[in-house]
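# Secondary and tertiary structure notes
Spelled out from the first residue to the last, the chains are:
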Amino acid sequence: RGLTTVCLYKLKLGNAKCILHMAQSCPALERLSLYKIGLEGHSGSLLHLNPALKLLTNLKDFRLMQPYFSFNEAFGAALSTSEHLQQVRIHTRGSVHCDKAIVTLVEKCRNLLFLGVYSEKPKQRCALITRHLKKKLGNRERPTIEILPASTPGSANIYFYFFDERI
């Protein structure tokens, strides 16, 4: 019950229901890092992620590296239930046309300081999404928003330091 940090790395489970059980058992969780959960190529591996996130109201730091994950409105709404959220880093090959989800996340999570989305989208598409979001959110000092192609110099660091608390 007092567990505050969980890192799950390459769990080869079909639907990863353990994420929901963990959220139910660890209400004090502040940091959650998920790296390539489930079977390769199956986005259904994180079927229980949204319900789990809704239970993690003390979450401050969320990191997800999932190749076939789609950052959509349902995910943004689930993640935004944590009012203490300060940092979000997501690395995916999935879709990143999620401006409504990001706007909702920024508006609801008043403590959010950093939002980084690293995708397989081309650099021009990422820049367009970033400009659109900044325009939609207005001149806010927080959070820092980065939407970058995974091949951007420096973004590869997320692979090596994904679980490093210093980032």
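In this text the structure is predicted, and so the values were computed from the model without any measurement.

### Some words on the environment of R125
- You can see R125 is positioned in helix 5 (residues 123-137).
- Considered as a pair, R125 and P149 are 24 residues apart in the sequence and their alpha carbons are 8.7 Å apart.

### Let's talk about the pattern of salt bridges
- A complete count under the given rule lists three salt bridges for this structure.
- Put simply, R31 and E30 hold a salt bridge, and the shortest N to O gap is 3.9 Å.
- According to the relative accessible area criterion, R31 is partly exposed, its value standing at 29%.
- One salt-bridge network, in which partners are shared between bridges, spans E30, R31 and K60.

### Considering helix 5
- For helix 5, with 15 residues, the first-to-last C-alpha span of 21 Å sits near the 21 Å given by 1.5 Å per residue.
- Taken residue by residue, helix 5 has C126, I129, T130, L133 and L137 as its buried positions. Down the axis of helix 5, the buried side of the element spans an arc of 100°, and every buried residue falls inside it. Among the exposed residues of helix 5, those pointing more than 90 degrees away from its buried face are Q124, R131 and K135.
- Note on helix 5: the residue one or two positions beyond its end, G138, has a positive phi of about 80°.

### Some points on the nonpolar core
- Counting residues in each nonpolar core, the largest one holds 42 residues, and the members touching the most others are L49 and F62.
- Element by element, the count of residues in this core is highest for helix 4 (residues 99-108), at five residues.
- The residues contacting L49, other than those within four sequence positions of it, are I19, L34, F62, L64, F69 and F75.

### What to know about the confidence of the model for the protein chain
- When pLDDT is averaged along the protein chain, the result is 77; 77% of the residues meet or exceed 70.
- For the protein chain, the element scoring lowest by mean pLDDT is helix 6 (residues 157-160), at 40; helix 2 (residues 49-55) scores highest, at 93.
- For residues 153-167, every residue scores under 50 in pLDDT, and the model assigns this stretch 30 contacts once sequence neighbours within four places are set aside.

### So, helix 1 (residues 18-25)
- Those residues of helix 1 not exposed but buried are I19, L20, M22 and A23. The buried residues of helix 1 occupy an angular sector of 160° when the element is viewed end-on, so they sit on one face.
- For helix 1, the elements touching its buried residues are strand 1 (5-9), strand 2 (31-35) and helix 2.

### Regarding the packing of aromatic side chains
- For the structure shown, the criterion picks out two aromatic pairs.
- Measuring from centroid to centroid gives 4.7 Å for Y9 and Y35, while their planes differ by 10°, and the two rings are stacked. Of this pair, Y9 sits in strand 1 while Y35 sits in strand 2, and the two are 26 residues apart along the sequence.
- Take Y35: its relative accessible area is 9%, and that puts it in the buried class.
- Here the aromatic rings of F62 and F75 are separated by 6.0 Å at their centres, their planes lie at 45°, and the arrangement is tilted. With F62 in strand 3 (residues 61-65) and F75 in helix 3 (residues 73-79), this residue pair connects regions lying 13 residues apart in the sequence.
- Taking relative accessible area as the criterion, F75 reaches 1% and is therefore assigned buried.

Reading the values: rules and limits
Residues numbered from 1 in each chain as written. Predicted model: local features only at pLDDT ≥ 70, side-chain atom pairs only at ≥ 80, totals over all residues. Heavy atoms only, no water. Helix = DSSP H or I, 4+ residues; strand = E, 2+ residues; numbered from the N terminus. Salt bridge = Lys/Arg side-chain N within 4 Å of Asp/Glu carboxyl O. Buried < 20%, exposed > 50% of the residue type's maximum accessible area, 1.4 Å probe, protein only. Expected span 1.5 Å × (residues − 1). Arc of directions from axis to C-beta. Core = buried A, V, L, I, M, F, W, Y, C linked by side-chain atoms within 4.5 Å. Contact = heavy atoms within 4.5 Å. pLDDT = per-residue confidence, 0-100. Phe/Tyr/Trp six-rings, centres within 6.5 Å; stacked < 30°, edge-to-face > 60°.

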